[in-house]
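Here is how the chains run, residue by residue.
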Amino acid sequence: MARIIDGKMISTIIKDECKEKAAALKKQGREVCLAVIQVGSDPASSVYVNNKKKACAYIGINSLSYELEEKTTQEELIELIAKLNERKDVNGILVQLPLPKHIDENAVIKAIDPKKDVDGFHPQSVGALCIGQPGFVSCTPAGIIELLKRSDVDICGKRCVIIGRSNIVGKPMALLMLRENATVTIAHSKTDDLREVCKRADILIVAMGKPKFIDASYVKEGAVVIDVGIHRNENNKLCGDVEFESVSKQASAITPVPGGVGPMTIAMLMKNCVDSIELQ
Ligand code: NAP
């Protein structure tokens, strides 16, 4: 039976480290402040935004909340971002995605000052990651690296297969694993013989958005399996992209859903906010 990689516990440790750092900065008269912008009232987005505000309160980060109407124009949103870019007391700017259809997400992300891009989605942040320069890293993949390191999983020289090539998970994940000296393969919907590709992995990272798709037949005996997917199953319970019951018998270590990758995303956002003071 695989060892469980406990994201809840590790994320709490990271949040407590951030709390200490925020308190030390406060003593020097430097307060950390995150501006969170939500456009419209999508219930899932409201839950995410509230969780981020709660995490800020726990850590001692000031949060400014902007709840804009669904009909807000792209120009109005970019104008607000420009004002926040100028404000010396604002360290991080986060625009909750997805945005309403009439707004171009790429244009909005590009409007954020890269020094305040705590989500790590700005092209400059992605480019910096690609060429190994300092910058913000997308929170979910950065959280997975922390999970692996803090669970003593050896990455250097290992064969890592990542299923998924999205801009927010798969691609930055591949760059981070490369930075850690893994030998990286990215699989996607056009990959030939996915099962055979996955079977070669020492570390298998699954971010495909397909509930319980990966069963034990995709996993090498003793592999480490990281499940990024989040879904609600027919009983309204959370599940991942990995069929936990069978894969946990084949793997040496595995992240559960819930309680694996999920809690790490907010913890890494908090870390980016606290670290932003040094970048600025
Ligand atoms: P996405 O943008 O939908 O990307 C999915 C990727 O999986 C695509 O690259 C797609 O390939 C690939 N894929 C889909 N079906 C496949 C198949 N049958 N075989 C091989 N590859 C396949 O998703 P995402 O935003 O990266 O998110 C992935 C999952 O992680 C979702 O369940 C999401 O909810 C979850 N997530 C969780 C967190 C967290 O905090 N835990 C954060 C972000 C996302 P193509 O490129 O060829 O289409």
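Preceding this section is the structure that the text describes.
Since we're looking at a predicted model, the values are computed, not measured.

1. Section: the packing of aromatic side chains
For any pair of aromatic rings, the description rests on two quantities: the centre-to-centre distance and the angle between the ring planes. On inspection of all chains with the given rule, the structure shows one aromatic pair. When the centroid spacing of 6.0 Å and the interplanar angle of 55° are considered together, the rings of Phe 213 and Tyr 218 count as tilted. The ring of Tyr 58 carries the charged tip of Lys 19 above its face, separated from the ring centre by 4.1 Å. One cation-aromatic arrangement involves Arg 195 over Tyr 218; the distance from NZ or CZ to the ring centre is 4.4 Å.

2. Concerning the environment of Ile 13
Looking at where Ile 13 falls in the secondary structure, it is placed in helix H1 (residues 7-27). Taking the C-alpha atoms as reference points, Ile 13 and Ala 267, separated by 254 residues in sequence, lie 9.0 Å from one another.

3. Some thoughts on the sheet that holds strand S2 (residues 33-39)
Strands sit in the order S3-S2-S4 across an open sheet of three strands; the sheet is parallel. Both edges of this open sheet fall to strand S3 (62-68) and strand S4 (92-95), since each of them pairs with a single strand only. Direction aside, neighbouring strands of the sheet carry axes that sit 15° apart on average. Sheet topology note: the S2/S3 ladder contains seven bridges and is parallel. Across the sheet, the residue bridging to Cys 33 is Asn 62, located in S3. On top of the sheet, helix H2 (residues 43-59) reaches S2, S3 and S4; it is set at about 170° to S2, its chief contact. Packing against the sheet, helix H3 (residues 74-86) makes contact with S2, S3 and S4, and its axis sits at approximately 180° to S2.

4. Quick word on helix H6 (residues 139-150)
For H6, built from 12 residues, the straight-helix expectation of 16 Å at 1.5 Å per residue is met to within 8% by its first-to-last C-alpha distance of 16 Å. Of all 12 residues in H6, 10 are buried, a share of seventy percent or more. Taken together, the buried positions of H6 are occupied by Cys 139, Thr 140, Pro 141, Ala 142, Gly 143, Ile 144, Ile 145, Glu 146, Leu 147 and Leu 148. Where H6 is buried, its residues contact H1, helix H7 (170-179), strand S7 (203-206), strand S8 (224-227) and helix H10 (262-279). A positive backbone phi angle near 60° is found at Asp 152, which sits one or two residues after H6.

5. Focus: the nonpolar core
In this structure, Leu 34, Ile 61, Met 177, Ile 205 and Met 270 are the most contacted members of the largest nonpolar core, which totals 52 residues. Both domains that furnish three or more residues to this core are identified here as domain 1 (29-120) and domain 2 (139-262). Contacts of Ile 205, omitting those with residues within four sequence positions, involve Ile 144, Cys 160, Val 161, Ile 162, Ile 163, Met 173, Met 177, Ile 226 and Val 228. Ala 2, Val 161, Val 242 and Val 247 belong to the second-largest nonpolar core, a separate cluster that totals 19 residues.

Cut-off values and rules
Residues numbered from 1 in each chain as written. Predicted model: local features only at pLDDT ≥ 70, side-chain atom pairs only at ≥ 80, totals over all residues. Heavy atoms only, no water. Phe/Tyr/Trp six-rings, centres within 6.5 Å; stacked < 30°, edge-to-face > 60°. Lys NZ or Arg CZ within 6 Å of the ring centre and 35° of its normal. Helix = DSSP H or I, 4+ residues; strand = E, 2+ residues; numbered from the N terminus. Pairing = 2+ DSSP bridges. Axes fitted to C-alpha atoms, helices over the stretch in contact; angles between N-to-C directions. Contact = heavy atoms within 4.5 Å. Expected span 1.5 Å × (residues − 1). Buried < 20%, exposed > 50% of the residue type's maximum accessible area, 1.4 Å probe, protein only. Core = buried A, V, L, I, M, F, W, Y, C linked by side-chain atoms within 4.5 Å. Domains from an automatic or database assignment.

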